[in-house]
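An overview of the molecular structure
Residue-level listing of the chains:
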There are 2 protein chains.
Amino acid sequence: MKSSQVTIKDIAKALNISASTVSRALKDHPDISPDTKKAVMDLADELNYQPNSIAQSLRKRHTNTIGVVIPEIEHFFFSAVISGIEDVAYKAGYNIIITQSNESSEREKQNLQTLFNTRVDGVIASVARDNVNYNHYQNLVDKGIALAFFDRVADEVDTHKVVVDDEFGAHEATVHLITEGYKRIAHLAGPANLTISLNRMNGYKRALNEYGIPIKDEHICICGEGTFEEAETITTQLLNSTSPPDALFANNDMAAYGAMKAIKKKGLSIPEDVAIVGFSNWRFASLIEPALSSVAQPGFEMGQEATRLLIAEINNQSDTPLPSENRILKTNLLVRESSKK
Amino acid sequence: MKSSQVTIKDIAKALNISASTVSRALKDHPDISPDTKKAVMDLADELNYQPNSIAQSLRKRHTNTIGVVIPEIEHFFFSAVISGIEDVAYKAGYNIIITQSNESSEREKQNLQTLFNTRVDGVIASVARDNVNYNHYQNLVDKGIALAFFDRVADEVDTHKVVVDDEFGAHEATVHLITEGYKRIAHLAGPANLTISLNRMNGYKRALNEYGIPIKDEHICICGEGTFEEAETITTQLLNSTSPPDALFANNDMAAYGAMKAIKKKGLSIPEDVAIVGFSNWRFASLIEPALSSVAQPGFEMGQEATRLLIAEINNQSDTPLPSENRILKTNLLVRESSKK
DNA sequence: ATGTTTTATGCAAACGTTTGCGGTTTCGGT
DNA sequence: ACCGAAACCGCAAACGTTTGCATAAAACAT
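Each chain has its residues counted from 1, running along the sequence as written. Whichever chain is written first is A, and whichever ligand is written first is 1; the rest continue in order. This being a predicted model, a pLDDT of at least 70 is required before a residue's local features are given, and a value of 80 or more before pairs of side-chain atoms are given or counted; all residues contribute to the totals for chains, interfaces and linings. Heavy atoms throughout the structure, all of them, feed into the side-chain values; hydrogens and water do not.

1. Quick word on the pairing of strand 8 (residues 247-250) of chain A
Residue and element names in this part refer to chain A. Where we set the bar: When accessible area is computed with a 1.4 Å probe and restricted to protein chains, residues below 20% of their type maximum are described as buried, those above 50% as exposed, and intermediate ones as partly exposed. For helices the rule is a DSSP run of H or I covering at least 4 residues; for strands it is a run of E covering at least 2, with both sets numbered from the N terminus onward. Two strands qualify as a pair provided that DSSP identifies no fewer than 2 bridges between them. Assignment of crossover handedness uses the view with strands pointing away from the viewer, where a clockwise path from the first strand over the helix to the second indicates a right-handed crossover.
Burial along strand 8 is two-sided: Ala 247 and Phe 249 and Leu 248 and Ala 250, pointing in opposite directions, are all buried. With four bridges connecting them, strand 6 (residues 185-189) and strand 8 associate as parallel partners. Counterpart to His 187 in the pairing with strand 8 is Phe 249. Two elements, strand 8 and strand 9 (residues 275-280), share three bridges in a ladder whose sense is parallel. In the sheet register, Leu 248 faces strand 9, and the bridge partner there is Ile 276. In this fold, the crossover linking strand 8 to strand 9 by way of helix 11 (residues 253-265) has right-handed handedness.

Printed below as a string of structure tokens:
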């Protein structure tokens, strides 16, 4: 970058006034006379003056920037969240800088570091899968920068959180299967160290309990990787077992998809022989055949809400943080062909 | 943010030396004695000193930040690109700040504006659909900031570009249909003002020409919106016309999906009665039934390559820009069930 | 001893803004 | 004429770094 970018000083010099006057004129400060105001305004956009945000940030001690750290960008749910973040951030005049952890807590740590270095006003995060402690997040709030978690939260750090009511969604999905008449409902669970997996499993269990259906351990299978191949082989085993299920509630849609493949390969039909409900309502859920029932998570809204919370905290002038909000967004069960008898 | 963040001055004061010495010590400058070096290093990480990137940026006149403007984050292809960008940017020590235009050139303009204001070192962009001119991009390079386009490029601005070989991909897809034995191949085209749409159409036409198949105007239908509903109704019309096609090449997978719906509704089977090939290889393409053949675009790689080009330009010290690179990435035809007889 | 180089450090300006405070000038009121 | 208050503007410091230059002390060479 060679080209000289025009500064306040240039305008000042050209008009033979001081930089302070230019600065004030530019922001319509009452101390400045209409004449000089007009003069600098005119010159400013003749020269196409653009304020240097870096200098402003340094001086004003805030950057109007919020940092985002997520496990992986390339994932529909997260990109929906980002979009929601961008939406309210943009309207509030904030920039967002994105980092991804690739599910590594080490990388996450570094990201937090550089975000701090660039002095973001706040960060919005969803934690990596392999975290064992959350000191790096705690450090951040200790240094006085605002923090909001979404979806995958760190329970132990006291800050704003917005999650979806996984337990509720799982419960609703399971109840739906029960009331459709299915009796032997299995669960393809997610990795056990993630709160969301547990919550979904709990919702599943609660529903069974409420309807007096015994919970069978062999009907709860953990799909740790999250690939559909994994779910497919697990489902195949399940179908070949001594107590094959007549319905499946999956921890996510990819697992559900794998299960569907297994079911079809075995020559069974969906939903007549085996029904299935997924979780997250990925883009493809409505497109496959039969269309997959799924519990929709409001990703976009989550991003919005997290950002609103964060910005409120950023705007909080007092030196005690706002009381931590814990927003729980409702899921939305979308019943499609895969689960109605 | 109340908490005082430790600065170089704090360290200087504590050690009774000057800020300049601290600064130099921190970066292992040879002028500084080992003793004082050790002293400041020790104190620095005892106090957990973190350099203020804002101040550094202001002083060094670059931010180590690259701006990204894309039509919409919430789209598999773009999120793949972002991921690629993040990948090489991270390794090169750059932050990325993301903006989305939502396909509005007005918003795009604003985004460019704020990116310039935050003095990003360069921007990577894919243009919005409704652009009529690209002055805002030209202004950017005139101001001396590096620019690289990907996928949807502005031909008239002379800068680095990385695109996929749409013409090639479309040609390959069409040839594939021809060699499978299909004779009456229609094309669901994209909006005419986008170069990529034209290139794909041209590839389609070239293939027909090469095989001596006449090009029929009524077999080229523009799907401007990009929704599958649109493609569905258009395909229905096509199938009911006097010269119904026996194969379709669609400008993108969503259109292809709509076409598939139309075909099925009419009671025809895929690929026996009508074959279909899409473009972009969206996530769902392999999951629907029949699995949709599609021309895969290397999104991640595009992001990587664009970023490499951009960083090279940023590092270019001379005041004449590097010669504009024009990288053309090959597509990859994925033949699935929807198109093999 | 003197002169010369080396080593280690500090001064101060600069990056582009913002802002408290003080200083002129102008003007209306008496 | 004089006073007080507006009205308008500039000085300078500050935000946290970096860096050219000067300088002081120490080491070395004569």
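That covers the picture; the talk isn't over yet.
2. Focus on the sheet that holds strand 9 of chain A
Residue and element names in this part refer to chain A. Just so we agree on the cut-off: To obtain an axis, a line is fitted to C-alpha atoms, over the contacting stretch when the element is a helix, and the angle between two such axes runs from 0 to 180 degrees between their N-to-C directions. By definition, residues are in contact when any of their heavy atoms lie within 4.5 Å.
The mixed open sheet is built from six strands, whose spatial order is 7-6-8-9-10-12. Each edge of the sheet is formed by a strand with only one pairing partner; in this case those strands are strand 7 (220-222) and strand 12 (332-334). The sheet shows a mean angle of 20° between the axes of neighbouring strands, direction not considered. In this sheet, strand 7 lies alongside strand 6 in parallel orientation, the contact comprising three bridges. Looking at the pairing, Leu 188 lines up with Cys 221 of strand 7. Set on the sheet, helix 9 (residues 195-210) makes contact with strand 6, strand 7, strand 8 and strand 9; between it and strand 6 the angle comes to about 170°. Where helix 10 (residues 228-240) meets the sheet, it contacts strand 6, strand 7 and strand 8, and its direction lies at approximately 150° from that of strand 6.

3. Quick look at the protein's contact with DNA strand D
Just so we agree on the cut-off: Distances are taken per atom, and a residue is near a molecule or strand as soon as one of its heavy atoms is within 4 Å of it. Any pair of N or O atoms that falls within 3.5 Å is considered a polar contact. Within protein, one atom must be able to donate a hydrogen and the other to accept it, and sequence-neighbouring residues count only if both atoms are side-chain atoms.
As a matter of local geometry, DNA strand D sits amid 29 residues, with A:Thr21, A:Arg24, B:Ile8, B:Ser23 and B:Arg59 nearest to it. Backbone atoms, meaning sugar and phosphate, form 62% of the atoms of DNA strand D found within 4 Å of the protein. Interatomic distance of 2.3 Å between a side-chain N/O atom of A:Thr21 and a phosphate oxygen of DNA strand D. B:Ala55 places a main-chain nitrogen or oxygen 3.4 Å from a base nitrogen of DNA strand D. Put simply, the parts of the chain that give the surface near DNA strand D at least two residues each are helix 2 (19-26), helix 3 (34-46) and helix 4 (53-60) of chain A together with helix 1 (8-15), helix 2 (19-26) and helix 4 (53-60) of chain B.

4. Describing the pattern of salt bridges
Quick reminder of the rule: Any Lys or Arg side-chain nitrogen located within 4 Å of an Asp or Glu carboxyl oxygen qualifies as a salt bridge.
A full pass over the atoms with the stated rule returns 30 salt bridges over all chains. Ionic pairing is found between B:Asp87 and B:Lys91, a salt bridge with its closest N-O pair at 3.0 Å. Residue B:Asp87 and its partner B:Lys91 are both found in helix 5 (residues 76-91); the two are separated by four residues, about one turn of the helix. Residue B:Arg206 is joined to B:Glu167 by a salt bridge in which the shortest nitrogen-to-oxygen separation is 2.8 Å. Within this pair, whereas B:Arg206 is found in helix 9 (residues 195-210), its partner B:Glu167 is found in helix 8 (residues 166-179), the two being separated by 39 residues in sequence. Residue classification places B:Arg206 among the partly exposed positions, given a relative accessible area of 32%. Classification of B:Glu167 by relative accessible area gives partly exposed; the value is 21%. Within the structure, one salt-bridge network assembled from shared partners comprises A:Glu305, A:Arg308, A:Glu325 and A:Arg327.

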